Amino acid sequence: MEGFFLEYGNLLLRWLHVIAAIAWIGESIYFVMLDLSLHAPKGEHSKRLGVYGEMWAVHGGGFYHNQKYLTNPAELPNDLHWSFWKAYTTWLSGFGLFMLLYLLKADIYLVNPASPWEWARNMSGTEAGILAVLFLVVGYNVYSRLCRIISPTVNHDGWLSVAVGVMMVLVAWLTTQIFPGRAAFLITGALMATCMSASVFFWIIPGQRRMVKALKAGEKPNPLDGAWGKQRSVHNTYFTLPVIFLMLSNHYSFTYSNEYAWVIMSLFIFAGAVIRQYFVLRHTGKNDLRYPAAGVIMLALIGWIAAPSPATPVAGLASGAPAQAAVTIEQVHGIIAARCTECHSVKPTQPGFAAAPAGIMLDTTAETLQHAAQIKLVVGNQYMPLANLTKMTDEERAVIAAWSGQ
Ligand code: HEC
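Below is a short write-up of the structure. These numbers were taken from a predicted model, which means no experiment stands behind them. (Residues numbered from 1 in each chain as written. Predicted model: local features only at pLDDT ≥ 70, side-chain atom pairs only at ≥ 80, totals over all residues. Heavy atoms only, no water.)

## Quick word on the environment of isoleucine 336
And then number 1: Along the chain, isoleucine 336 turns up in helix H14 (residues 329-339).
And then number 2: Isoleucine 336 sits 39 residues away from isoleucine 375 along the chain, and the two C-alpha atoms are 9.3 Å apart.
And then number 3: If we ignore the near neighbours within four places in the chain, the residues touching isoleucine 336 are Thr341, Leu362, Thr368, Ile375 and Ile400. (Helix = DSSP H or I, 4+ residues; strand = E, 2+ residues; numbered from the N terminus. Contact = heavy atoms within 4.5 Å.)

Here it is in structure tokens:
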């Protein structure tokens, strides 16, 4: 029963998380579009009021006339709309999911028995859980330090972007060495998302509060408060597509169960950023196709790196006969029954599993055949059996690799 409630809690939290993230990122994309679509005000009245830019739009059966002021609106109403709950809800629900899915079973999901580092292989579940959380806390602090040291008055934002890019490649490499691939992708995505939400919490909102306070007191706000907020907000714009990719990658084991998972992860982060850059520029009327072209090249490169290599012939099979024809479904299903059905069954016997994970049941040969392609993929890239709990041998993997899947 406990397993069922965890599973149901997972579904509800995920629902909340995805909705909050859509609302937050949707708003972020909308405001970037708005900011870059502003034109100098045309009306005399607006000019006199000091309007910086305006945009007309038609939507939902009506016309909208947005006007942006920098730090000098003549008066501020009390019912000012603030944006922060969407960011906080996304982070909190995401962290809740991380606790439920990874921290509760940290010994299976966060300890990497194949890590090249002995200390990482020998970590307990608790230690791995603490280390994962430290990645988020320390990672955000390093990012924030970089902003403060490299571009303190928003004067070297180009160099800052380079430094943040290098930092993300380093994080991608470190996490894939320490944690299992799936967790490494998630932790890197969660770190980027933590930088985004923490920037809203520690920089963007406090800066805006100081600006509002100064305006209400009839003083001139410090323009750096606006500039620092904008700097973080610009980073958030380029983080959105990579973060969404890293969250989705969890369902595609070919991305992270790969020797070069850190290269794949880095390429996805940069591909997301350049594709976003194309849309950012488009709002200003530019149509620079070099950005999506660079993105497409990176995505093609990922496909090339991630594609499984052709099956290696199985040693010990009757010589002369084509290897694939030699492996029978009975042989394969025998291996599956021994190594997979503890978890992938109508009634899993592995403790903590209330239902077949990922909805995949492998009790019968028909089911094994139905999932042939997926089975070959996850066994080939060593993602399954999970943490090799059921101790599958290399010979068994070779048999499955040589199986034609029919
Ligand atoms: C200890 C439990 C356990 C064992 C043993 C196990 N699995 Fe899994 N399997 C899981 C879990 C948990 C997931 C869901 C993880 C996820 O969402 O990626 C999963 C997911 C999968 C998926 C879907 C992966 C995807 O990319 O969506 C396939 C296919 C799969 N397992 C096949 C197998 C095969 C084949 C074996 C035996 C060689 C096996 N599993 C053994 C726990 C197990």
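## Details of the coordination of the iron atom of the ligand
Ideal values differ by geometry: the angle at a metal is 109.5 degrees with four tetrahedral donors, but 90 or 180 degrees with six octahedral donors.
And then number 1: The coordination sphere of the iron atom of the ligand contains the protein donors His344 (NE2) and Met384 (SD), at a distance range of 2.0 to 2.3 Å.
And then number 2: Coordination at the iron atom of the ligand is octahedral: its 6 donor atoms span angles of 86 to 178° at the metal. In this pair, histidine 344 sits in the loop between H14 and helix H15 (365-370) while methionine 384 sits in the loop between helix H16 (372-380) and helix H17 (394-402), placing the two residues 40 residues apart along the sequence. Note on accessibility: histidine 344 and methionine 384 belong to one class, buried. (Donors = N, O, S within 2.8 Å, 3.2 Å for Na, K, Ca; no water. Tetrahedral: all angles 85-135°; square planar, octahedral: opposite > 155°, others 65-115°. Buried < 20%, exposed > 50% of the residue type's maximum accessible area, 1.4 Å probe, protein only.)

## As for empty space enclosed by the protein
And then number 1: Under the defined criterion, the tally for this structure stands at 1 cavity of 30 Å³ or more.
And then number 2: What the largest cavity holds in volume is close to 40 Å³.
And then number 3: Lining the largest cavity are Cys147, Arg148, Ser151, Pro152, Trp203, Trp228, Gln231 and Arg232.
And then number 4: At the level of secondary structure, the elements contributing two or more residues to the lining of the largest cavity comprise helix H6 (125-150) and helix H9 (223-248).
And then number 5: Per-element tally for the lining of the largest cavity: the top contributor is H9, with 3 residues.
And then number 6: Residues of the lining of the largest cavity, tallied by class, amount to 4 nonpolar, 2 polar and 2 charged. (1 Å grid on protein atoms, 1.4 Å probe; cavity = no way out; pocket = protein on both sides within 12 Å on 5 of 7 lines; lining within 4 Å. Points joined across faces, edges and corners; volume = space filled by probe spheres on them. Nonpolar A, V, L, I, M, F, W, Y, C, P; charged D, E, K, R; others polar.)

## Describing the packing of aromatic side chains
And then number 1: Applying the stated criterion across every chain yields a total of 24 aromatic pairs.
And then number 2: Relative to tryptophan 173, the ring of tryptophan 117 has its centre 5.6 Å away and its plane inclined at 75°; by these criteria the two rings are edge-to-face. Taken together, the residues tryptophan 117 in the loop between helix H4 (106-109) and helix H5 (118-121) and tryptophan 173 in helix H7 (residues 157-178) connect sequence positions 56 residues apart.
And then number 3: With relative accessibility at 34%, the residue tryptophan 173 sits in the partly exposed group.
And then number 4: Feature note: the residues Trp82, Phe84, Trp85, Tyr88, Tyr140, Tyr143, Phe201, Phe202 and Phe239 constitute an aromatic cluster, connected by ring pairs.
And then number 5: Above the face of the phenylalanine 353 ring, lysine 105 is positioned so that its terminal group lies 4.6 Å from the ring centre.
And then number 6: Positioned above the aromatic ring of tryptophan 82 is the side chain of arginine 209, whose terminal nitrogen or guanidinium carbon lies 5.1 Å from the ring centre. (Phe/Tyr/Trp six-rings, centres within 6.5 Å; stacked < 30°, edge-to-face > 60°. Lys NZ or Arg CZ within 6 Å of the ring centre and 35° of its normal.)

## With respect to unusual backbone geometry
And then number 1: Residue proline 385 is bonded to the preceding methionine 384 through a cis peptide linkage, with omega at -10°.
And then number 2: Among the secondary structure elements, proline 385 is positioned in the loop between H16 and H17.
And then number 3: The backbone of valine 154 shows a phi angle near 60°, a positive value even though the residue is not glycine.
And then number 4: Residue position: valine 154 is located in the loop between H6 and H7.
And then number 5: Given the relative accessible area of 27%, valine 154 is considered partly exposed.
And then number 6: Phi at alanine 358 takes a positive value of approximately 60°, unusual for a residue other than glycine.
And then number 7: Taking relative accessible area as the criterion, alanine 358 reaches 75% and is therefore assigned exposed.

## Side note on the nonpolar core
And then number 1: In terms of nonpolar packing, the biggest core is built from 70 residues, with Leu110, Phe179, Ile187 and Val200 touching the most fellow members.
And then number 2: With 15 residues, the top contributor of residues to this core is helix H8 (residues 181-216).
And then number 3: Mapped onto the domain boundaries, this core takes at least three residues apiece from domain 1 (88-306) and domain 2 (323-402).
And then number 4: Discounting residues that sit within four places of it in the chain, valine 200 has contacts with Trp24, Ser83, Phe84, Ala87, Tyr88, Ile205, Pro206 and Asn236.
And then number 5: Residues Leu362, Ala372, Val399 and Trp403 belong to the second largest nonpolar core, which totals 16 residues. (Core = buried A, V, L, I, M, F, W, Y, C linked by side-chain atoms within 4.5 Å. Domains from an automatic or database assignment.)

## Here's the deal with the side chain of asparagine 250
And then number 1: Looking at the secondary structure, you find asparagine 250 in the loop between H9 and helix H10 (253-256).
And then number 2: With relative accessibility at 10%, the residue asparagine 250 sits in the buried group.
And then number 3: A distance of 3.0 Å separates a polar atom in the side chain of asparagine 250 from a polar atom in the side chain of tyrosine 102.
And then number 4: Setting aside residues up to four positions removed in sequence, asparagine 250 forms contacts with Tyr102, Arg182, Leu186 and Tyr256. (Polar contact = N/O pair within 3.5 Å; in protein donor to acceptor, adjacent residues only side chain to side chain.)

## Section: the site of the ligand
And then number 1: Contacts to the ligand come from 24 residues, most closely from Cys340, Cys343, His344, Tyr383 and Met384.
And then number 2: Arginine 182 places a polar side-chain atom, nitrogen or oxygen, 3.2 Å from an oxygen atom of the ligand.
And then number 3: Within the side chain of tyrosine 383, a nitrogen or oxygen atom sits 2.6 Å from an oxygen atom of the ligand.
And then number 4: Per-element tally for the shell around the ligand: the top contributor is H16, with 4 residues.
And then number 5: Class assignment of the residues belonging to the shell around the ligand gives a composition of 16 nonpolar, 6 polar and 2 charged. (Near = heavy atom within 4 Å.)

## Re the packing of H6 against H7
Describing two packed helices takes the angle between their axes plus the distance from one axis to the other.
And then number 1: Between H6 and H7, the shortest axis-to-axis distance is 10 Å and the interhelical angle comes to 165°. Here H7 runs roughly antiparallel to H6, going by the angle between their axes. The way H6 lies across H7 gives a crossing that is right-handed. Where H6 abuts H7, its residues Leu131, Phe135, Gly139, Val142, Tyr143, Leu146, Cys147 and Ile150 lie against Trp159, Leu160, Ala163, Val164, Met167, Val171, Leu174, Thr175 and Ile178.
And then number 2: Here the contact of H6 with H7 is built from residues that sort into 15 nonpolar, 2 polar and no charged. (Axes fitted to C-alpha atoms, helices over the stretch in contact; angles between N-to-C directions. Parallel < 35°, antiparallel > 145°, perpendicular 65-115°, else oblique. Left-handed = near helix turned anticlockwise from the far one by under 90°.)

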